[in-house]
Amino acid sequence: MAGSTVPILSSVTQTSLLKNLESKHPFRWQLLTQTSQMEINLDQTLQEGKLFRQVNALIVSHLRHHNLTQAAMAVASATMTPLSTEVPSNKLLQLVAKGLAAEKDEASRGVSSIASFNPASGILASDGTLPAVDFSAVQDTRGASKIFTKHETRHISEHKNVARCARFSPDGKFLATGSADTSIKLFEVSKIKQMMVGDSKDGPVRPVIRTFYDHLQPINDLDFHPQNTILISGAKDNTIKFFDFSKTVARRAFRVIQDTHNVRSVCFHPSGEYLLAGTDHPIAHLYDVNTFKCYLSANVQELNTNSAINQVRYSSTGGMYVTAYKDGSVRVWDGVSGQCVRSIVGAHVSAEATSAIFTKDQRYVLSCGKDSTIKLWEVGTGRLVRQYLGATHSQFRSQAVFNVTEEFILSIDEQTNEVVIWDALTAEKVARWQSNHVGTPRWIEHSPVESTFVTCGTDRSVRFWKDLSLSG
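Rules behind the numbers
Residues numbered from 1 in each chain as written. Predicted model: local features only at pLDDT ≥ 70, side-chain atom pairs only at ≥ 80, totals over all residues. Heavy atoms only, no water. Pairing = 2+ DSSP bridges. Helix = DSSP H or I, 4+ residues; strand = E, 2+ residues; numbered from the N terminus. Salt bridge = Lys/Arg side-chain N within 4 Å of Asp/Glu carboxyl O. 1 Å grid on protein atoms, 1.4 Å probe; cavity = no way out; pocket = protein on both sides within 12 Å on 5 of 7 lines; lining within 4 Å. Points joined across faces, edges and corners; volume = space filled by probe spheres on them. Nonpolar A, V, L, I, M, F, W, Y, C, P; charged D, E, K, R; others polar.

Caption draft 1: Region of interest: the pairing of strand S25 (residues 429–434). Pairing of strand S24 (residues 418–423) with S25, which is carried by five bridges, proceeds in the antiparallel orientation. From the neighbouring strand, Ile421 faces S25, where its bridge partner is Ala431. The hairpin formed by S24 and S25 contains five residues between the paired strands, and Ala427 there has a positive phi angle of roughly 65°.

The following block contains the structure:
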C-alpha cells in the first residue's frame, strides 16, 4: 500500500532472537545458519532494494516521457514508485547506451557479454534479444530488404454488394467481413484453409459459419471482443451492434448502442470493458460496455478541427489510441485521461488519412492516406520516420497493415489492382501481386497470428491469402 512502511529489526533485537533460537532449537539454528551463509546478506538486500528503486524510477520516467501514461501508472503502482519521480527523462536511454557500448568493448576483448545479474554491483545482463523491427536503428538502408514469401489466394465468399471491411479475431481463428448490403459474414479460418487444400471427404467445405443481418445501412467497421465470442459492428445507421457468434441460430444483435453520428470505426479496449467509436464527430466516443455510458475528451476546443474520424485503433496495452481524420491529420490520445498527447496536423497534407495503427511496442504509428502515401511516425516526437511510396490510393478508404512479424507492410494499388508489399525497415517495395479481384480491393487485413491476410472490395468478393509454406 502506498505510503506504508515495513518495520526493520534493530541489530540488538536480531542478535537476541538468534541466540534464543540457537539455545532452544539447535536443528532450526543449523538450518538458519546454512541458509544465512548461502542466501541472506542484509547489506546486499538493502543494496538490491536501493538499486531496484532506482531502476523502477528510471522506467517510470522513461514511460512518461514517451507518453505511455497507463504503462507508467501500472509500473508505479506495482512497484510503489512515485509517478512524478524526479529523474531526467533520457537517463535510462543514456545508461542503456553506455551499457551497450561497454558490452561491445567487452566482446572486442573476448569477454563474455552475457553477465549474470548482480544487483550489488549494478550490472544488468543483456539477454541478447532485440525488437523485431527497430526503425530507429537504420535510417537509410538500401539493398538489404527481406523477401516476402509467395502466397496463394482463393475466393472464399461473396456479398450482394461492395465488401467494405474485414477483421480477424485476436487469436486468428475467425474472420468477419462487412458489406454495403448491410450483412456481416463470419468465417472460421481453419475451414477456409481446409477449403483451399480441397481434401475434405465430407463434400464441399463451407467456411462461412454465420451471417448476420441487423443493420439498416452499410457496415463501416468490425471488431472482435478480446476474450469473448462477441463481434461488434459500426454502420452508417448510427449504431454499434453486438453479436454473440457462439449461438448458432442467432442472426440479430443482442445489444445495440445508438450513437448520434455515422459510426465509421469501432475498436475494443484490450480489457474488453470499453470500446471506441470513430464517427463523423471529431472526438472519439468512448463507451463503457457494461453501462453503455458515453465519454468524451475534455480538450475538444484545443484540436481546432471539425473533421470526421476515418479510423480509431487502440495500442496493444490500451494505454493509447490513435485517430485518422478526413482532414489529413493523425492524433494520438492517452487511453486513461482521453487527452490528445500528439497531434500530427497535415500528416497526409489535405488528403484524408484513411487508416492508422500502432506497432506492437507502441513506439510508432503507421498511417495511410488518399495522397497515395503510407507513413511511419514516432509517437514520442511526432517525427516522420519512414515513407512508403509507389502505390496509388486516392479514392477509397484504403488500409496499410503490418504482417504478423512487422517486417513488412501491405496495401493496395487502386490503379493497377495490385497488392503491394514493402520492407518495413528499408521502405523498398519487395512485391507487387495481382489481387485477382475484378474490381478494386477496398480493404486489406492481416492475421495477428500467422502469415495470412484477406482482401475484399468493389467486386463484392472476399479473397483469402495464405503463405505457401503454411500447412493445412
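Caption draft 2: Fine view of the pattern of salt bridges. Applying the stated criterion across every chain, the model contains 15 salt bridges. Between Glu352 and Lys370 there is a salt bridge, and its shortest N-O distance comes to 3.3 Å. Taken as a pair, Glu352 in the loop between strand S17 (340–344) and strand S18 (353–358) and Lys370 in the loop between strand S19 (364–369) and strand S20 (374–378) lie far apart in primary sequence, 18 residues in all. Beyond isolated ion pairs, a larger network of salt bridges with shared partners links Arg167, Asp223 and Glu445.

Caption draft 3: A look at empty space enclosed by the protein. Throughout the structure, instances matching the rule amount to one cavity of 30 Å³ or more. Its boundaries defined by the atoms lining it, the largest cavity holds a volume of some 40 Å³. As for the largest cavity, its lining consists of Arg164, Arg397, Arg442 and Trp443. A breakdown of the residues in the lining of the largest cavity according to their chemical character gives one nonpolar, no polar and three charged.

Caption draft 4: Structural view of the sheet that holds strand S22 (residues 401–402). The four strands lie next to each other as S22-S23-S24-S25, forming an open sheet whose pairing is antiparallel. In the strand order of this sheet, the two ends are held by S22 and S25, each with one partner. Bridge count for strand S23 (residues 408–413) against S24 is six bridges, and the pairing is antiparallel. Bridge pairing links Leu410 to Ile421 in S24.

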